[in-house]
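# Chain and residue survey
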Number of protein chains: 2
Amino acid sequence: MDGTHSTFPDCVQLVRGADVPVAVYGARAATVVNLMQSDMPIPQGWAFSCDTVAKFHRSEFPKEWPVADALQKGRLFSLRASPIEREWGGPETLLNLGMNWDTHKALCEPLGKSAADALYFRFVQDYATQVARLDSEDFDALIDKSMSANGVDYGHALEMSLALFEQETDVAFPQDGTTQLRKALRSMATAWNGASARILRSVRGAPVDAGLGLIIQEMVLGVGQGEFGSGVAQFTSPVTGEEDAFGRYLSQSQGRDAMDQSSAQFLARDPRGPSLEEICPSAFDALKGFVAQARDVYRDEMQLEFTVDNGAVWILDAEPADRTGRAAIAIVVRMVEQGLISRQDALMKIDPRNLNEILHPQIDPRAKRVEIAEGIGASPGAATGKIVFSANSAVASEARGEAAILVRVETTPDDIRGMHSANGILTERGGINSHAAVVARTLGLPCVVGAKDIDIDQKNRLVRLPDGSQLVAGDVVTIDGATGQLLSGAPKLVEPELGGDFHKFMNWADETRTLGVRGNADTPQDVRLAQAFGVDGIGLVRTEHMFFDPHRLTVMRELIFADSPADRQDALNLLMPMQRGDFVEMLSLMKNQSVCIRLLDPPLHEFLPSSRDQVVALAEAMNLPMSKVNARIEELAEFNPMLGTRGVRLGITVPEIYEMQARAIFEAVCEIKKSTDILVFPEVMIPLVSANREVELVKARIDAIASAVQSEQGVELDFKLGVMVETPRAALRSHDIAGTVDFMSFGTNDLTQMTYGLSRDDAGRFMREYVRNEIFPEDPFMTLDVDGVGELLKIATERGRSVKPGLQLGLCGEHGGDPDSVKFCHDAGFDYVSCSPFRTPIARLAAAQAELEKSSQ
Amino acid sequence: MDGTHSTFPDCVQLVRGADVPVAVYGARAATVVNLMQSDMPIPQGWAFSCDTVAKFHRSEFPKEWPVADALQKGRLFSLRASPIEREWGGPETLLNLGMNWDTHKALCEPLGKSAADALYFRFVQDYATQVARLDSEDFDALIDKSMSANGVDYGHALEMSLALFEQETDVAFPQDGTTQLRKALRSMATAWNGASARILRSVRGAPVDAGLGLIIQEMVLGVGQGEFGSGVAQFTSPVTGEEDAFGRYLSQSQGRDAMDQSSAQFLARDPRGPSLEEICPSAFDALKGFVAQARDVYRDEMQLEFTVDNGAVWILDAEPADRTGRAAIAIVVRMVEQGLISRQDALMKIDPRNLNEILHPQIDPRAKRVEIAEGIGASPGAATGKIVFSANSAVASEARGEAAILVRVETTPDDIRGMHSANGILTERGGINSHAAVVARTLGLPCVVGAKDIDIDQKNRLVRLPDGSQLVAGDVVTIDGATGQLLSGAPKLVEPELGGDFHKFMNWADETRTLGVRGNADTPQDVRLAQAFGVDGIGLVRTEHMFFDPHRLTVMRELIFADSPADRQDALNLLMPMQRGDFVEMLSLMKNQSVCIRLLDPPLHEFLPSSRDQVVALAEAMNLPMSKVNARIEELAEFNPMLGTRGVRLGITVPEIYEMQARAIFEAVCEIKKSTDILVFPEVMIPLVSANREVELVKARIDAIASAVQSEQGVELDFKLGVMVETPRAALRSHDIAGTVDFMSFGTNDLTQMTYGLSRDDAGRFMREYVRNEIFPEDPFMTLDVDGVGELLKIATERGRSVKPGLQLGLCGEHGGDPDSVKFCHDAGFDYVSCSPFRTPIARLAAAQAELEKSSQ
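What you see is a predicted model; the values in this text were computed from it and never measured.

### Concerning the overall build of chain A
When its secondary structure is counted, chain A shows 35 helices and 32 strands. Dimensions of chain A, computed from the C-alpha atoms along their principal axes, are close to 105 × 60 × 55 Å. Expressed as a percentage of its 857 residues, the buried residues of chain A come to 58%. Sequence-distant contacts, at least 24 apart, represent 67% of the contacts inside chain A between residues at least 6 apart.

Here it is as structure tokens:
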């Protein structure tokens with residue numbers, strides 16, 4: 001029967017070389033056959049194809065079927081799910097199938113009656129729960145009722161369990177193995193099609209029509225007189241990736257029992273307690289060998305599920321070894337160095353998203369999480385600290401050397417100082433691209449936003465939780481910026497460790513990728529950070545962030561309150577040298593690399609205070625009557641600031657600001673050229689354009705400033721001028737604009753907002769519900785919406801390059817750090833992506849993978 | 001020389017049959033040749049082509065050139081602009097060219113010295129001003145200085161004028177006619193290329209490279225011994241279009257002098273004063289004949305400029321007679337009835353925009369306008385009234401029978417009651433699609449928004465004007481919603497008169513057009529209005545407007561403040577019958593026609609009050625603590641409401657509201673079907689979709705409600721379900737959505753906002769500047785942006801109909817009342833446009849014209 005189908009349609013015996021394609025029989029069936037390549041001792045088994053399982057209600061077992069025969073002969077089997085991809089899950093494994101009074105009787109001799117009772121009871125409970133859908137707890141209760149001074153009386157428990165089964169189902173517990181199997185198969189097929197299973201797997205990427213394969217294997221019992229037991233083993237540390245035994249073994253157990261019980265033994269010799277290595281050294285050695293064999297088969301570190309049968313090791317299943325992001329890197333680097341896999345293989349084996357973990361502290365995977373609320377994970381990493389409710393308190397905490405979590409309904413530019421001081425940020429409002437989220441990512445600060453179930457009462461300095469309890473200032477909490485959880489207390493954190501493996505691995509990515517990866521940086525400090533992360537340039541300098549420093553903010557406000565052109569010019573004259581200083585520093589740091597500087601973007605009211613106290617303070621500082629301050633604030637207020645007088649509209653209506661900024665950039669270039677031999681590559685970017693005429697107007701003014709500075713300073717200026725494409729119209733009219741500019745950089749945050757008609761700051765209200773209900777497959781602010789926004793990028797690329805084939809195209813914004821979006825940009829022929837420095841390693845790896853995928857096509 | 005070029009390049013003599021294409025020689029040259037068809041007495045003349053004028057600085061007059069000869073012989077000429085289109089303007093006409101001491105001497109005999117002096121003086125002043133660019137007022141002053149008991153001593157004035165000329169220019173006044181002509185030609189070419197002339201004509205639609213032709217004609221002096229004079233005449237009333245003499249004549253005058261002077265005579269016999277008909281009956285009769293001839297030539301009522309030369313009439317120019325919109329209709333209808341033009345010609349002759357005037361009171365064109373501020377004309381028509389600062393005051397004014405202009409910084413739904421009572425609306429903020437503007441257009445109420453130079457102080461109930469003065473409550477003002485002007489006092493208004501001509505004309509349009517024209521209507525009252533305007537259906541029922549009635553608003557707020565699903569349902573149960581009642585009435589009224597009902601669109605916070613007083617009142621009315629009311633308001637507040645939780649997002653997150661609305665619609669249909677034999681065609685429209693999954697979800701719920709109502713009531717339901725396409729993404733993914741729906745209606749207001757990234761409420765700040773500087777060719781909220789938004793409409797149309805060829809496509813929103821946008825929709829293959837009832841006649845005519853243009857291609 002080697003490799004051939006049994007008579008039962010689409011049921012194939014699992015033997016060496018059997019043809020069990022994953023797409024037909026699922027991953028677990030394929031694994032068993034793969035492992036057989038190396039002659040591992042594997043119980044004999046059969047695989048049911050997805051199609052067979054789906055149509056099983058219409059089938060019958062054939063008359064002469066080895067499994068049926070074996071069941072008749074009293075052999076026991078396990079029935080396991082074999083989904084196409086392991087992460088799609090599937091019904092729980094059913095062990096000991098075939099158990100009945102006959103097999104019980106047969107087992108009494110080798111195992112002893114109590115052990116046979118226990119096995120039979122276990123099967124009744126599992127079958128009742130998984131197949132007949134009775135309540136598992138009712139059976140647990142029978143164990144309690146059977147407790148005596150000598151421990152559990154399983155014989156009593158078994159009898160009660162059979163009675164309970166009959167009472168609940170009105171039929172006696174089935175004694176026929178094939179009946180058990182038939183009902184179990186049907187039950188598993190039904191469970192697979194249940195609503196919750198479907199939702200669960202679709203979240204993990206399963207298609208709507210995902211099928212379920214099953215495998216049936218002869219049991220190796222794991223119990224008996226002598227050394228019997230079961231366990232799970234990998235020989236690599238899940239935390240560091242170093243070679244190290246990791247797993248558990250439990251004598252007299254089945255399946256994955258060892259993983260759940262504190263009485264389980266270690267695998268290798270361990271000072272903390274007994275181990276398999278000591279209990280049964282030969283089994284330990286054999287297991288080690290099998291893990292190494294599996295590693296050779298899969299070219300990956302594997303975790304094996306095994307059973308010890310009177311000292312002999314049987315292998316049941318293998319899957320990739322557990323690992324953190326850091327361990328994953330260490331593993332692939334080691335495998336490359338050992339010649340087991342190529343560098344390309346190594347690059348393809350790491351999910352870029354896992355790099356997030358490496359770059360930030362994480363909650364120890366083994367630590368207990370007490371969730372008290374949930375929001376949107378907006379900036380990765382975990383942080384523990386005392387709750388503070390204001391930016392000032394965060395600054396004070398830092399001064400005292402105390403870790404603080406800044407808790408705000410939402411953050412504003414006034415909070416930036418406090419955000420620098422805090423260890424993490426939690427907000428009640430806002431989405432993945434709210435102010436808090438964007439700043440936090442820039443700072444590499446863990447952040448949870450839009451925790452809308454909590455009620456932050458800033459005034460009374462308390463947080464009302466959904467359960468009615470409260471948190472007050474000083475309470476210690478932990479946020480997990482990856483999962484969006486707010487946790488009670490201080491679970492253990494694991495610090496990031498960027499070792500040599502990380503750098504080695506990232507170098508391979510850099511050698512492979514063709515797409516540029518730049519960092520977003522708003523200050524010289526950010527530029528240094530970006531450089532430390534090995535970027536190819538700076539893709540976005542948001543010049544407005546330079547004005548939030550208190551002294552500069554005052555001058556900026558003087559500009560806004562200036563009554564006459566002369567007063568306005570005075571303020572600009574103060575701001576210009578400050579900007580120039582920034583640019584000198586940033587451009588000098590980024591020698592030989594491009595720096596893309598975006599001219600002022602936000603509406604002017606963002607520079608004005610929002611609270612009454614701050615307005616009073618401002619009036620005093622400016623020596624202006626409150627009425628005037630309020631009038632100006634009211635005058636600048638907007639219904640929809642996102643769609644208001646910002647970006648190039650500001651540049652056209654208040655041209656002095658862009659002129660000042662252009663001068664600052666050009667004078668900075670001159671200063672560097674005159675005093676050093678550093679080569680600088682400034683790029684000037686105009687934000688929020690929607691018509692080419694806007695670009696022409698601003699370009700004319702910038703060119704005029706360039707000419708003026710050139711002749712004043714006697715230095716030749718070389719710079720690129722381009723636009724940030726953030727409106728659908730700019731994308732649609734790319735062919736108009738391309739002729740006027742050297743480059744376009746897609747601001748996909750805003751472009752997404754406008755394409756969907758969706759404010760990133762207000763989307764938090766419904767985005768979770770939308771994604772949960774699959775109305776949007778993903779949060780489009782997290783992963784580029786290829787169908788809508790991506791369509792605009794493609795249109796813009798095609799139309800722009802049709803006019804100017806060499807048009808430089810980039811993407812700046814958080815999508816630049818999302819692997820799928822990076823792949824899209826690579827495939828669309830962009831020159832680079834740019835994101836916050838902390839996400840650039842993700843982009844670099846994603847770019848390398850995109851290149852490998854493309855060249856393998 | 002008949003029709004052939006003179007030796008001077010591109011200068012052609014104006015004789016019968018001469019080849020003077022408008023594109024080469026301009027409109028006035030063509031007019032002269034056209035008029036010659038009917039042997040009118042026209043002074044001989046020549047035309048310079050645009051090209052000649054542009055390059056004149058490089059040319060010289062040829063040696064033997066009839067004009068030069070005539071100048072040498074002492075003949076006088078007029079030099080007039082002949083632009084390609086008359087509305088592009090051009091330099092002022094220069095009369096009496098060739099005047100010098102010799103001609104002066106020759107004229108002394110026939111005219112008398114004083115008249116010759118006056119003519120010469122006039123020429124010196126005109127030449128000095130128009131050619132040498134001296135200050136006209138300096139010459140006016142010479143007249144004052146020459147005033148004596150016997151009147152003006154022109155001899156003295158002439159001498160002083162020649163001296164002044166020489167003093168200012170350092171050269172003597174040129175005595176050589178060809179020199180005068182050469183300099184005048186150059187000066188006119190220069191003036192044409194001046195900045196202000198270019199801006200002026202580009203506003204009127206001239207291309208950047210628009211050229212200027214010139215014509216030079218022999219003077220008929222208009223002065224002399226006997227009956228001499230000049231004037232302007234048309235024989236149709238500019239107000240009503242009826243046959244009536246209209247114009248002025250002034251003895252002893254030239255050019256258009258008669259139009260400027262109160263001493264001018266009437267044309268026909270008139271009780272108010274002397275007339276040409278009495279002074280010189282033969283000239284009057286001749287003139288009447290010439291006007292009739294011109295009418296036959298042009299197939300239009302014409303206005304002639306004429307000169308009487310010793311009792312003989314000479315014709316100088318002809319242009320379409322002045323007319324209001326109402327007169328224009330009367331004229332074309334009369335011409336059709338007289339068989340002079342076809343109905344198609346009549347339809348093409350009326351600019352749809354002019355219908356605006358017909359439908360609203362207008363300021364009498366002859367009334368004096370004292371402008372005190374300028375804003376954006378947001379809803380046409382003129383209104384006079386006393387200033388009121390609150391909705392309540394407007395209601396009180398109405399109760400007193402006083403006309404009121406409601407003056408608000410901006411309006412909110414709370415003001416709607418007051419807007420109903422007011423005669424006109426003026427706001428300081430907001431753009432063409434602000435709340436005030438949209439409501440005003442729906443109500444057919446004149447409205448000026450975004451008058452940002454004024455400062456409305458609601459608290460102190462006063463308006464601060466740019467000049468420092470103030471208006472207070474009760475001051476009488478007038479607003480012109482077409483021009484955007486705020487005028488002082490009460491200029492005379494002309495009431496609209498929709499006579500039989502209007503209906504006749506609109507019927508022709510309806511017989512011609514293929515594009516449907518629907519009206520937007522939010523209440524049964526609106527539906528009646530739309531019907532009165534002869535719509536093909538209702539294209540947009542904004543159901544939220546039904547909730548602003550005070551009683552309903554209270555229930556709506558109860559819904560918003562409901563703590564439990566049960567409370568929420570209680571509120572919905574109250575709202576449902578109210579909505580059902582509306583729908584019964586609206587659907588019954590629109591029998592046999594479609595009614596497109598949009599499910600709730602605005603974010604819920606729009607139903608909550610904004611001022612503190614109103615919040616207090618609400619808390620009292622709801623019997624809720626202020627803190628709770630404020631908390632809910634804060635909770636619902638959004639950063640960018642336009643991009644927030646509204647439309648289908650609300651429908652998905654609070655499904656009960658749409659379910660209630662769907663039930664109200666379906667129960668209304670059942671009620672009508674059970675009690676009448678009226679056929680109703682309801683269309684249910686889902687707003688603000690961006691993904692097909694949203695549509696599927698809502699459709700499933702609506703279909704379920706339909707099934708439920710169907711079986712409850714035993715009535716078969718027939719309805720269409722569709723979406724409002726307002727996001728760029730919905731347009732781009734039209735092929736996804738088309739499969740789910742029966743129709744799509746483009747909400748181009750919001751689509752424009754999102755395509756440009758431009759809030760209509762905030763655009764007022766910079767839109768005027770943008771349009772003035774031609775950054776945007778038009779305000780895209782007024783006229784559809786064909787290049788950007790139109791591109792999305794085309795993409796959506798193509799992709800949607802590729803999946804469902806019969807997909808019904810419409811446009812709802814104010815663009816539906818803009819002629820260019822209507823043409824776009826017609827050409828794109830839409831089924832209908834829909835706009836506020838007052839604008840539907842414009843749409844109907846524009847649709848007819850689009851059809852005629854298409855079929856003439």
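### Some details on the sheet that holds strand 9 (residues 243-251) of chain B
Residues and elements named next belong to chain B. Across the sheet, four strands lie side by side as 9-8-10-11; this open sheet has antiparallel pairing. On the outer flanks of this sheet lie strand 9 and strand 11 (312-320), each paired with one strand and no other. On average, adjacent strands in this sheet sit at an angle of 20° to one another, irrespective of strand direction. Sheet topology places strand 8 (residues 229-236) next to strand 10 (residues 302-309); five bridges connect them, and they run antiparallel. Residue A233 lies in a different strand from strand 10, and its bridge partner there is L304.

### Looking at the interface of chain B and chain A
Every contact between the two is made by 51 residues of chain B and, on the other side, 52 residues of chain A. With both sides pooled, the region where chain B packs onto chain A buries about 4,700 Å², and carbon together with sulfur makes up 53% of that total. Three residues, F639, L643 and R729 of chain B, lead the burial of chain B against chain A; their summed loss comes to 15% of the area buried on that side. The tally of links between chain B and chain A comes to six salt bridges. In this structure, the salt-bridge partner of D785 of chain B is R729 of chain A, at a minimum N-O distance of 2.6 Å. Here chain B is connected to chain A by 28 residue pairs in polar contact (both at pLDDT 80 or more). Of all the secondary-structure elements, those providing two or more residues to the side of chain B that touches chain A are helix 25 (626-636), helix 26 (648-653), helix 28 (692-713), helix 29 (728-732), helix 31 (748-756), helix 32 (764-772) and helix 33 (789-803) of chain B. Here the side of chain B that touches chain A is built from residues that sort into 21 nonpolar, eleven polar and 19 charged.

### Considerations on the relation of the copies chain B and chain A
Of the transformation superimposing chain B on chain A, the axial component is 0.2 Å and the angular component is 180°, with the fit at an RMSD of 0.1 Å. What we have between these two chains is a two-fold relation. When the interface residues of chain B are mapped onto chain A, 100% of them again fall at the interface, so both copies present the same face.

### Remarks on the nonpolar core
Nonpolar side chains tend to gather and get buried jointly when the protein is soluble and globular. Among the nonpolar cores identified, the biggest contains 257 residues, and F666 and I686 of chain A together with F666 and I686 of chain B are the most heavily contacted of them. Those residues in contact with F666 of chain A that lie beyond four places of it in its chain are I702, I705, A706, V709, L717 and F719 of chain A. Ranked by size, the runner-up nonpolar core spans 56 residues in total, among them F77, L134, F139 and F165 of chain B.

### Comments concerning helix 33 (residues 789-803) of chain A
When the terminal C-alpha atoms of helix 33 of chain A are compared, their 21 Å separation across 15 residues agrees well with the 21 Å that a helix rising 1.5 Å per residue should span. Along helix 33 of chain A, the residues that are buried comprise V789, G790, E791, L792, L793, I795, A796, T797 and G800 of chain A.

### Some remarks on unusual backbone geometry
Residue and element names in this part refer to chain A. Despite not being glycine, R299 has its phi angle at roughly 50°, a positive value. Position of R299 relative to the elements: it lies in the loop between helix 13 (281-298) and strand 10 (302-309). One non-glycine residue with positive phi stands out, namely R461, at about 50°. Taking the relative accessible area as the measure of exposure, R461 reaches 46% and is therefore partly exposed.

### With respect to a negative patch on the surface
Residue and element names in this part refer to chain A. Taken together, the side chains of D135, E137, D138, D140, D144 and E168 present a region of like negative charge at the surface. Looking at the negative patch element by element, the count peaks at four residues for helix 7 (residues 136-145). Checked against the element boundaries, E168 lands in helix 8 (residues 154-169).

### Observations concerning the packing of aromatic side chains
Per the stated rule, a full pass over the model turns up 40 aromatic pairs over all chains. Note on F547 of chain A and F607 of chain A: the rings are 6.4 Å apart at their centroids and 70° apart in plane angle, and the pair reads as edge-to-face. Within this pair, whereas F547 of chain A is found in the loop between strand 26 (537-542) and helix 22 (550-561), its partner F607 of chain A is found in the loop between strand 27 (594-598) and helix 24 (612-622), the two being separated by 60 residues in sequence. F547 of chain A sits in the buried class, given a relative accessible area of 1%. On the basis of relative accessible area, F607 of chain A is assigned to the buried category, the value being 0%. Pairing F666 of chain B with F719 of chain B gives two aromatic rings, centres 4.7 Å apart and planes at 50°, and the pair type is tilted. Of this pair, F666 of chain B sits in helix 27 (residues 655-675) while F719 of chain B sits in the loop between helix 28 and strand 29 (720-725), placing them 53 residues apart in sequence. With respect to class, F666 of chain B is no different from F719 of chain B; both count as buried. Over the face of the ring belonging to Y832 of chain A we find R518 of chain A, whose NZ or CZ atom lies 3.9 Å from the ring centre.

Reading guide: rules and limits
- Residues numbered from 1 in each chain as written.
- Chains lettered and ligands numbered in written order.
- Predicted model: local features only at pLDDT ≥ 70, side-chain atom pairs only at ≥ 80, totals over all residues.
- Heavy atoms only, no water.
- Helix = DSSP H or I, 4+ residues; strand = E, 2+ residues; numbered from the N terminus.
- Buried < 20%, exposed > 50% of the residue type's maximum accessible area, 1.4 Å probe, protein only.
- Contact = heavy atoms within 4.5 Å.
- Pairing = 2+ DSSP bridges.
- Axes fitted to C-alpha atoms, helices over the stretch in contact; angles between N-to-C directions.
- Buried area = accessible area lost by both parts, 1.4 Å probe.
- Salt bridge = Lys/Arg side-chain N within 4 Å of Asp/Glu carboxyl O.
- Polar contact = N/O pair within 3.5 Å; in protein donor to acceptor, adjacent residues only side chain to side chain.
- Nonpolar A, V, L, I, M, F, W, Y, C, P; charged D, E, K, R; others polar.
- Least-squares fit on C-alpha atoms with pLDDT ≥ 70 in both.
- Core = buried A, V, L, I, M, F, W, Y, C linked by side-chain atoms within 4.5 Å.
- Expected span 1.5 Å × (residues − 1).
- Patch = residues over 30% accessible without salt bridge, like charges linked within 9 Å, V, L, I, M, F, W, Y side chains within 5 Å.
- Areas by Shrake-Rupley, 256 points an atom, 1.4 Å probe, with all protein chains shown as cover.
- Lys, Arg positive; Asp, Glu negative; His and termini not counted.
- Charge placed at Lys NZ, Arg CZ, Asp CG, Glu CD.
- Phe/Tyr/Trp six-rings, centres within 6.5 Å; stacked < 30°, edge-to-face > 60°.
- Lys NZ or Arg CZ within 6 Å of the ring centre and 35° of its normal.

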